[in-house]
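Observations on chain architecture
What follows is the residue order along each chain.
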Amino acid sequence: MVTSNRSRVVVVGTGSVGAAVASAIVQQGLCNELVLVNHHPEKAEGLAMDLADGSEYLGRFVTIRAGGWEDCRRADVVVVTAGPKPKPGETRMQELGAAIDIVDPILRHIRDSGFDGILIMVSNPVDVLGWFAWKRTGLPRAQVLGSGAALDTSRMKTIIGETTRLDPRLVSGYVIGEHGDSQFVPWSTVSFIGKSFAQYLEDNRSRYPGVTLAGIEEETRRRGLDIKGLRGGTSYGIAATVAGLVRMILWNERGVVSVSTLIDGEYEYGERDVFLSLPVALDGDGVGDFVDLHLSDEELARFHRSAAVVRDHCRLIADRL
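Reading guide: rules and limits
- Residues take numbers from 1 onward in each chain, read along the sequence in its written order.
- With the structure being a predicted model, the display of local features is reserved for residues of pLDDT at least 70 and the display and counting of side-chain atom pairs for 80 or more, all residues being used for whole-chain, interface and lining totals.
- Hydrogens and waters are ignored; side-chain quantities use all the structure's heavy atoms.
- The classification of residues rests on relative accessible area computed with a 1.4 Å probe and restricted to protein chains. Under 20% of the type maximum is buried, over 50% is exposed, and intermediate values are partly exposed.
- A run of H or I in DSSP counts as a helix once it spans at least four residues, and a run of E counts as a strand once it spans at least two, with each numbered from the N terminus.
- When DSSP finds two or more bridges between two strands, those strands count as paired.
- Helix span, as expected, comes to 1.5 Å for every residue beyond the first.
- Comment: arc refers to directions from the helix axis out to C-beta atoms.
- The contact rule is simple, with two residues in contact once any of their heavy atoms fall within 4.5 Å.
- Each domain's extent was defined by an automatic or database domain assignment.
- Here the buried area means the combined drop in accessible surface, using a 1.4 Å probe, for two parts upon being joined, counting both sides.
- A pairing counts as a salt bridge when a side-chain nitrogen of Lys or Arg comes within 4 Å of a carboxyl oxygen of Asp or Glu.
- Contacts described as polar in this section are N or O atom pairs within 3.5 Å, which, within protein, must combine one atom able to donate a hydrogen with one able to accept it, while residues neighboring in sequence count only if both atoms come from side chains.
- Only buried residues count toward a nonpolar core, which is a set of Ala, Val, Leu, Ile, Met, Phe, Trp, Tyr and Cys residues joined through side-chain atoms within 4.5 Å.

With that settled, the discussion passes to the pairing of strand 10 (residues 255–263). Among the 9 residues that make up strand 10, 8 are buried, leaving the element largely enclosed by the rest of the structure. Bridge count between strand 10 and strand 11 (residues 274–283): 9 bridges; the pairing is antiparallel. Note that in strand 11 the partner of Gly255 across the bridge is Leu282.

So, in structure tokens, the structure goes:
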């Protein structure tokens, strides 16, 4: 359990995603101390100085510094964002070979530091690397998670908000499965303003011509690639997402969020030894109870297909363990 006198977050990787994550944590004043680790220490040092220079104008003072692997030992949360620079047109799964070469040594350093906090994997492909991180570090399952479909869930709600011109936070529902091409929205569980979103669309068909559940789902799935094509990569959406996860953990909020976590026989899902996103409780102890969504037969089949995609890619790097 995180306590008030222990509040250190370590962010590994200070590229565009790591820098944005660090900034979001500082802007929200989520911890007492933020430590930045990078293969090139001068980059971590420069980012720490840059973030610290705005301290006078922030709501809460956060100590920000560059550090090393020894700082993981007493960290409450370690966030791994390091990975290869995205290539145009390349999917997350296609980045796996380059990603594992970068991430595996990092995980060894974290393990060897004696770290016993909560590990958040952000590096893609996040489900495969989350599973690998759990195996490599030997941490209890509750203490290892990937950002997974938490961002995709927010994207889905954002798209619905843009479509209806209403607050996206009115949407209740989740994207589940892989953070990638096989992710999906179990529409049977998504509600909006007191009714299912499917029923809301049907009741207001004249207001939203051409809008379909399948179209919203595909736009959600492609949004990250679209952003990559427009500006070279994503950073701010994932940063806000990770900061939200850190807040839930450090402040013991016990929120429910769709993160990538070990699925090992829970409820109806019928999957084992694979990391996928499902809504789970998240608090100072890490990943807690699963939410049983009671998926339809079609949705459950899609979940199994998503699991197969992730499991097949896990086999490609299993010999590293």
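Next up on the list: helix 9 (residues 297–317). Along its 21 residues, helix 9 runs 31 Å from first to last C-alpha, staying within 8% of the 30 Å computed at 1.5 Å per residue. What helix 9 keeps buried is the set Glu299, Leu300, Phe303, Ser306, Ala307, Val310, Cys314 and Ile317. Considered in projection along helix 9, the buried side chains sweep an arc of 120 degrees and stay on one side of the axis. Away from the buried face of helix 9 by more than 90 degrees, exposed residues Asp297, Glu298, Arg305, Arg315 and Leu316 are located. Lining the buried residues of helix 9 we find helix 3 (96–112), helix 4 (126–137) and strand 11.

Along its sequence, the protein is organised into domain 1 (8–146) and domain 2 (149–320). One C-alpha centre belongs to domain 1, the other to domain 2, and the line joining them spans 22 Å. Both sides of the domain 1 and domain 2 interface together cover about 3,600 Å² of buried area, and 68% of this is carbon and sulfur. Inspection of the domain 1/domain 2 interface yields 4 salt bridges. Between Glu266 and Arg141 there is a salt bridge whose closest N-O contact spans 2.9 Å. At the boundary of domain 1 with domain 2, the tally comes to 10 residue pairs in polar contact (both at pLDDT 80 or more). Residue assignment for the side of domain 1 that touches domain 2 shows that the elements contributing at least two residues are helix 1 (16–27), strand 4 (77–80), helix 3, strand 5 (118–121), helix 4 and strand 6 (144–146).

A few words on the nonpolar core. Core analysis: the largest hydrophobic core is formed by 89 residues, its most contacted members being Val9, Leu34, Leu36, Val78, Val79, Leu119 and Val246. It is helix 8 (residues 236–250) that contributes the most residues to this core, 9 residues altogether. Looking at which domains feed residues into this core, each of domain 1 (8–146) and domain 2 (149–320) supplies at least three. The contact partners of Val9, leaving out residues within four places of it in the chain, are Ile25, Cys31, Glu33, Leu34, Val35, Val77, Val79, Val246 and Leu250.

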